[in-house]
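Survey of secondary and tertiary structure
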Amino acid sequence: MEQIFNKISESLFTQIQNGENLILSFSGENSQFIRFNKAAVRQTGLVDDADLGLKFIANNRTVRGGFTVSGNFDVDIARGKSEIKRMRLEAQEIPEDPFVVLPENSGSSHEIKSANGLQFEHAVDAILPAMDGMDFVGIWANGKMFRGNANNLGQKHWFETESFSLDYSLVTPEHQMVKGSFAGSDWNQNDYESYVKRSRNKLTLMEKKPIKIEKGNYRTWFESAAVSDFLGMFSWNGISEASLRQGCSGFGRMRHDDVRLSPKFSVIEDFSPGFCPKFNSNGEVSNDQLTLIDSGELKNTLVSSRSAKEYGVDSNYAEAGEYMRSPKMVSGELSQNDVVTKIGTGLYLSNIHYLNWSDNAGGRITGLTRYACFWVENGEIIAPIETMRFDDSFYNFFGDNLVDVEDKSSINPEVETYGGRGLGATTCPGILVNDFALTL
Amino acid sequence: MKLDLDIKQLLSAVDVPADWVGLREVYEAHTPRMIRDGVPVANGRASTHGIMVEVLVDGQFGYFGTPNMTPKGIANAAKKAYQQANIASRHSTFQFDETARPSHQGTYQSPFTKNRESLSAGKLNETLLEAYNHLKVSDKIVSASSLCQVIESSFRFVSSNGSDITQDFLMFEFDLSATAADGTNQQTRTFGGMRGTCRQMGMEYFDKYEILANANRIGEQAIELLDADDCPTGEMDAVIAPDQMMLQIHESVGHALEVDRILGDERNYAGWSFVKLEDFGKLQYGSKLMNITFDPTLESEFASYAYDDGGLKATKEHLIKDGLLVRGLGGQESQIRSGLNGVANFRASGWNRAPIDRMANINLEPGDSSFDDLISQVEYGVYMESNKSWSIDDYRNKFQFGCEYGKLIENGQMTKTVRNPNYRGISTPFWNSLKGVGNADTFGIYGTPNCGKGEPNQVIRVGHASPTCLFENIQIFGGV
C-alpha cells in the first residue's frame, strides 16, 4: 500500500503549478470481518479498500476531492488528474476563504507495526470452540490498516498497523448479557480463552432474576467502558474550540463562567501509546501529550489550524473535527477490590448505551444502562437490574458528585467500523459517583 | 471520473464451484458545499467505486469487497470469498440456497428535472452565502451555516441466476442552521432538524426565494428561543410535527421491526427488539389511528428504489394497520429464516459492506384531522418541531427525544414559544396514546442520511414521511 501511495503522490505532485498546493491523505485496510450469532457464522467476508483524499489550495480557496484507489496505477492516476483539473476550475468559481491553511514541510514520519496475528483462514476455528455451549454474538475484525499523508512541499507520513478485535456479547436464556472486547496485535490462543472464561464467569452473575429499580438518584459505580462512553461525548459538541466559539458546546460553563469539575477529574490527549497516528489529515503532528482538563479545570480545548486562524488562537494540530483521538483520563485511588463496599447501596454499571446531549449547554447527557448492571445493597451485589434511562449533567457526575476514581485504567479500543476500521483507544479508570439520576 | 464497466463480462471471469455468484457494483459521489459564518468551509467532490463479489457455498454466503474491477481482480476476489464461505459453511447460522437471491431484471431512475451540473459551484455558493446573510438576523446569532450536499449513486447487480438490475439516484441533503447565544444560554434552530431535509430530487429544489424566506424564519426563531421560557415539566399532551415524527417513527417503530434484530443478529451492537416473532398479526402496537407503511414508491422520498441489494422487487406494504402489527422489516434472507412475510429491505451502505435488514421509507399514513383540529383538542400541552436529541434502549422501548422549538398549547390554542422541549416514553404505550393524526395538508417528507447499524458498521439513508400527530398524557420536560 505504501508503494502505491508513494507512486500516486509523486505523480500527482508533478501536476501542481506555481501558486497551487496539494495535500494528499490516504486511508486503507485489508480486513476480514466475521459476524457471529448464536455461536455460529452469520456473515463472513473480506474487504480491500483504500481512499485518497485531495485538498487543493489555490487563489485563497480550498477545494477537496477524493476517490477510491483501485491499485491499478493507470486508473488511479487518471482519477487523480481528473480531480486536480476539476478542483483547479472550481477554485476559480467559489468565494475566497480568509482562513485558508497552507501546507508546510515540518518533517516526515514513518511507522510500521507488524504483528503475529491470526491468519484469515484460521479465524473461525480459533474463535468458536471457546464459545461452545454459549449464546455468543459479535463481530471479528482482523487485518492491516494504513494511513498516509503527503504534500507538494515534500512532507510525508506513513502509519501502518495490524490488529484484531473480537467485540462480543454472551447472552443468558433470560436475555441477560455481558460484553467482551478482546483486541490486540499478536494473537495468543491461551490469552483469548482466558478472556472468554472471565466473560463466562461474569455471565453467571446475570443468572439471577433482574430487579426493577425505581427512578431517582443513586450512588453509582461506572466501569471503565462506561466512563469511556461519557468521555466520547466530549468529542461531540464538547472539547472543540470551534464548538465553543459557535455556541454549541457543553463546555460553555467552564469557558465562560469558570465552572470547575472535580479536582479528581483530569483528561489528557495522549498519543504516546501509539494507538493511532500523531499526524492529522492536514499532515500536522501533535505533541505526545496535551492536557485538556487538569484537576477539574479546563486547560486546553482542541484547536485545529483552521480554528486557530479563524479565532486568533494557537493551534494544537487537532483534526479538523476537533475530536479526541487518543484520550486518557488520569486514574485515582480506589481499588477495584473495594468498589462494591464503597458503593454500599446503589448501582454497579458495566456499560451504558445510546448517549446523547439532552441539554448541551447544561452538560446534560441521557442514555441507558446495558449489559452487566447490578443492584448493590450493603456492599453486596444482589441482582442484575432491568434497563433504566438516565439523564444527568457531567457537571454533576464529573463534578461535585464524583466520589472516587479507580486506581487503574483500562484500554477501551476503538472497534467502530463505519466507512472503515477505526484506530485509537480511550484509556480510563472506573468512577464512583453520588446521586446519579435515573429517569425512566 | 467513473469507470464504465461491463459487469456481465466480469461475472464470466469468476471461476469458483459456488452454488451462486453475484456482483454488486456501486459508484457514489458526494458533492458538499457549505458556508459557515460568511465564508466557504466545504467545497469538493469525493467518490467511491467498487464491487462486492458474493458467493454461496454449501449454504453459506461469503463476500469480498474490492476496488480492483479488472477481470483478474474479480476472479481473485471470488476465490477468496469462496474460501471464506467454505470454511464458515461448517458453522453456519442458517443454510441458505439460491432462493435467498431471487432473480429479477429491471431499472430505476430517481426523479429529477435539473441535474447537478445545472447549478454551478459558484452559483450554489452564492445562494448559500445569501442564505447565511438571511440567517444572521442579529448580532446574537453567534454562528450560522447553510449547506447542500448532492449525492449521485449508481447501482448495478448481476448474478449467476439471471438478475440484471440497474438503479441510478440523484439526491441531496440541505440544511440551514442558526445558533443564538447569550452567555451560556444557547439555542440552535435548523431546517428540519439533524439534516432532516433530504430528498431524491435534482437542482430544481433550489428555489432561492423560498430558501431565503426560510433562512430568515430560522434566524428569527433562534433569537425568539433565547428569550423564551423553558418548556414546562409534567404529564400533558404533545402535538408533534413531521420533522420530529420522523425520528419517533425511525427509533420506536422502524428499528424495532427489523427482523434481523428480532432474530438476534444485532444483539452485540444496535440491540435486540421488544417485538417477538410471534407478535406479528397479534400485537396492538398503537391506537387504531396508526398506519405505518414501508413505501419505496413515494416519489422524491430519500430511500425510494425499485429493488433491494439482494435483487428483491420493492413494493409498498403495511407494517402496522389500524394499530395492529402485520409485517416485519425483513428481506429475503430474514423471510426465509423467520418464516414471516417481509419487504425488500436487504440493503448495504456501499460496495464494501454486505446487505442486512434496513429501513427504507417508513411512513405514517395521513389521517383526517386538520392542524387546527389537533391543536383545538389540547387543553394544556406542547407543540414540538425539529429533532435535536434522540436516544432509545437496546430493546427499542424507553426513548427520549429533544426538539428545537416548542409552543405552549393552552385551552386549544398555541400561545407562547418555549425552549428545550423534551419528552420521553415507552414505545407501545406511547403509540397507543396516539389520539389524532393530521391530514395530507400536515404531511411532511423527511429523512436522514445517518442511520447506523450492523457489524461491520454501516450508515445508510432512510426516508420518513408523516403528518402532524397528537399524543395524550406524555412525560414532557425542559432543560437544566
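Residues numbered from 1 in each chain as written. Chains lettered and ligands numbered in written order. Predicted model: local features only at pLDDT ≥ 70, side-chain atom pairs only at ≥ 80, totals over all residues.

Some thoughts on the overall build of chain A
Broken down by element type, chain A carries 10 helices and 20 strands. In summary, chain A has a C-alpha radius of gyration of 24 Å against a globular reference of 22 Å for 440 residues, a match within 12%. With respect to the three principal axes, the spread of C-alpha positions in chain A is 75 × 55 × 30 Å. With 440 residues in all, chain A has 53% of them scored as buried. (Helix = DSSP H or I, 4+ residues; strand = E, 2+ residues; numbered from the N terminus. Rg over C-alpha atoms; globule rule 2.2 N^0.38 Å. Buried ≥ 20, exposed ≤ 12 C-beta atoms within 10 Å, placed from the backbone.)

Side note on the overall build of chain B
Looking only at helices and strands, one finds 9 helices and 24 strands in chain B. For a compact globule of 480 residues, the expected C-alpha radius of gyration is about 23 Å, and chain B comes in at 23 Å, within 12% of that figure. With the principal axes as the frame, chain B shows a C-alpha extent of 70 × 55 × 35 Å. By the burial criterion, 61% of the 480 residues in chain B qualify as buried. Long-range contacts, defined here as pairs at least 24 residues apart, represent 76% of the contacts in chain B between residues at least 6 apart. (Contact = placed C-beta atoms within 7 Å.)

Here we look at the domain arrangement of chain B
A common way to express how large an interface is: the accessible area buried when the components associate. Residue and element names in this part refer to chain B. Parsing chain B into structural domains produces domain 1 (7-227) and domain 2 (230-477). Measuring from the centre of the C-alpha atoms in domain 1 to the corresponding centre in domain 2 gives 21 Å. Counting from both sides, the interface comprises 46 residues of domain 1 and, opposite them, 37 residues of domain 2. Broken down by class, the residue content of the side of domain 1 that touches domain 2 amounts to 17 nonpolar, 20 polar and 9 charged. (Domains from an automatic or database assignment. Nonpolar A, V, L, I, M, F, W, Y, C, P; charged D, E, K, R; others polar.)

Topic: the sheet that holds strand β13 (residues 324-325) of chain B
All names here are of chain B. As summarised here, the arrangement of the 4 strands in space is β13-β12-β11-β16, forming an open sheet in which the pairing is antiparallel. Both edges of this open sheet fall to β13 and β16 (362-364), since each of them pairs with a single strand only. Sheet topology places strand β11 (residues 292-294) next to strand β12 (residues 317-321); 3 bridges connect them, and they run antiparallel. Opposite Ile292, over in β12, you have Ile320 as the bridge partner. Contacts from helix α5 (residues 242-254) reach β11 and β16 within the one sheet, and its direction differs from that of β16 by about 115 degrees. (Pairing = 2+ DSSP bridges. Axes fitted to C-alpha atoms, helices over the stretch in contact; angles between N-to-C directions.)

Examining helix α4 (residues 189-204) of chain A
Between the first and last C-alpha of α4 of chain A there are 23 Å, a value that for 16 residues agrees with the 22 Å anticipated at 1.5 Å per step. Close packing links the buried residues of α4 of chain A with β6 (156-171) and β7 (177-184) of chain A. (Expected span 1.5 Å × (residues − 1).)

Let's talk about unusual backbone geometry
In this chain, Glu455 of chain B is followed by Pro456 of chain B through a cis amide linkage whose omega measures -5 degrees. Along the chain, Pro456 of chain B turns up in the loop between β22 (444-453) and β23 (458-466). Positive phi is not limited to glycine here, since Asn60 of chain A has a value of about 60 degrees. Within the secondary structure, Asn60 of chain A sits in the loop between β2 (40-58) and β3 (61-68). Positioned with a positive phi, Ser386 of chain B is a non-glycine residue whose angle comes to about 65 degrees.

Examining the packing of helix α1 (residues 2-13) of chain A against helix α2 (residues 73-93) of chain A
Residue and element names in this part refer to chain A. One way to put it is that α1 packs onto α2 with a least axis distance of 10 Å and a crossing angle of 40 degrees. Here α1 is positioned oblique relative to α2, judged by the angle of their axes. Crossing angle aside, the handedness with which α1 passes α2 is right-handed. Each of Lys7, Ile8, Ser11 and Leu12 in α1 lies in contact with α2, whose residues at this interface are Phe73, Asp76, Ile77, Gly80 and Ile84. Of the residues that constitute the contact of α1 with α2, the class distribution is 5 nonpolar, 2 polar and 2 charged. (Parallel < 35°, antiparallel > 145°, perpendicular 65-115°, else oblique. Left-handed = near helix turned anticlockwise from the far one by under 90°.)

Re the interface of chain A and chain B
The interface is formed by 79 residues belonging to chain A together with 73 residues belonging to chain B. Of the residues in the side of chain A that touches chain B, the class split is 30 nonpolar, 27 polar and 22 charged. As defined by bridge partners, β2 of chain A adjoins strand β3 (residues 60-66) of chain B across 4 bridges and the pair is classed as parallel. Opposite Thr44 of chain A, over in β3 of chain B, you have Gly62 of chain B as the bridge partner.

Notes on the environment of Ser181 of chain A
Residue and element names in this part refer to chain A. Position of Ser181 relative to the elements: it lies in strand β7. For the pair Ser181 and Ser70, spaced 111 residues apart in the sequence, the C-alpha separation amounts to 32 Å. Each residue touching Ser181, except ones within four places of it in the same chain, is listed here: Ser165, Asp167, Pro413 and Val415.

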